[in-house]
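Structure assessment
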Amino acid sequence: PISFKPPSTRRAQSMPVKKIPTHAERYCSTICAEKGVTCNNSNEDEEGWDFFLQFPPTASRDLPLDMTLAGEACFIQIKSNSGNFRGFRCKLSNALRMAISPIATFVVIFGYDKESELRSIHLWHIWEKEIGKILERVRQQDSKNERDLNKTKIEFKLASAIATDEEHILELIK
């Protein structure tokens, strides 16, 4: 795991954050801007993601320009937590969208301490283990004829996340 260093872009001894979820989303957008990654936000946050990230294409002198591959792209769901952080919960309907999406999906959690200072960043790639857990839970709900997945939550534990920092998060996502 990467040891967390407080964000270098923040003012030293800054005032506590009042709107933690807003701060987390804007901080993620700032990290992307600093690294040259396009960060498109969701105007309607109803589909389980907050940002659509587009990484710049990797140019190759060995290939003609028309054969250059597009840069990687993914969905990001931003979560924030203050105090005792153990993981995150989301609606099962949103988790199912993440699991079946043809586009890679990640959840980034910004952890704040009791004084509302950013202290940690954790990353989940919604991949094999998480997809299996989500699909199993959806199948259980379906077998009980409980098809309204908006009313059910699914939880992911901190132990399955990758601890990271502002310098490494985009490298891990890419």
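Keep in mind that this is a model prediction, so the values were computed, not measured.

Moving on, we come to the confidence of the model for the chain. Where the model shows low pLDDT, its predicted coordinates should not be examined in detail. Of all residues in the chain, 91% attain a pLDDT of 70 or more, and the chain-wide mean is 86. pLDDT under 50 marks residues 8-13. Its contacts with residues more than four places away, or in other chains, come to 10 contacts.

What follows concerns the packing of aromatic side chains. Tallied over the entire structure, the rule returns five aromatic pairs. Aromatic pair Phe88 and Trp124: ring centres 4.8 Å apart, planes at 70°, arrangement edge-to-face. Residue Phe88 is found in strand E4 (residues 87-91), and its partner Trp124 is found in strand E6 (residues 118-125); the two are separated by 36 residues along the sequence. No difference in accessibility class separates Phe88 from Trp124, as the two residues are buried. Through pairs of rings, three or more aromatic residues link up here, namely Trp49, Phe52 and Phe75. The cationic tip of Lys133 hangs over the ring face of Phe156; the distance from NZ or CZ to the ring centre is 4.9 Å.

Turning next to empty space enclosed by the protein. In the structure shown here, the tally under the stated rule is one cavity of 30 Å³ or more. Taken as a whole, the largest cavity spans an internal volume of roughly 40 Å³. Taken together, Cys28, Ile31, Cys32, Leu53, Ile76, Val108, Phe110, Ile169, Leu170 and Ile173 make up the full set of residues lining the largest cavity. If you list the elements that add at least two residues to the lining of the largest cavity, you get helix H1 (20-35), strand E5 (105-112) and helix H4 (169-173). Partitioning the lining of the largest cavity into residue classes produces 10 nonpolar, no polar and no charged.

So, about the pattern of salt bridges. Taken as a whole and assessed by the stated rule, the structure comprises five salt bridges. Among the salt bridges present, the one from Asp148 reaches Lys151, with a minimum N-O distance of 3.8 Å. Note that Glu155 and Lys157 form a salt bridge whose closest N and O atoms lie 3.2 Å from each other. Residue class for Glu155 comes out partly exposed when judged on its relative accessible area of 34%.

Here is what the cut-offs are and how they apply
Residues numbered from 1 in each chain as written. Predicted model: local features only at pLDDT ≥ 70, side-chain atom pairs only at ≥ 80, totals over all residues. Heavy atoms only, no water. pLDDT = per-residue confidence, 0-100. Contact = heavy atoms within 4.5 Å. Phe/Tyr/Trp six-rings, centres within 6.5 Å; stacked < 30°, edge-to-face > 60°. Helix = DSSP H or I, 4+ residues; strand = E, 2+ residues; numbered from the N terminus. Buried < 20%, exposed > 50% of the residue type's maximum accessible area, 1.4 Å probe, protein only. Lys NZ or Arg CZ within 6 Å of the ring centre and 35° of its normal. 1 Å grid on protein atoms, 1.4 Å probe; cavity = no way out; pocket = protein on both sides within 12 Å on 5 of 7 lines; lining within 4 Å. Points joined across faces, edges and corners; volume = space filled by probe spheres on them. Nonpolar A, V, L, I, M, F, W, Y, C, P; charged D, E, K, R; others polar. Salt bridge = Lys/Arg side-chain N within 4 Å of Asp/Glu carboxyl O.

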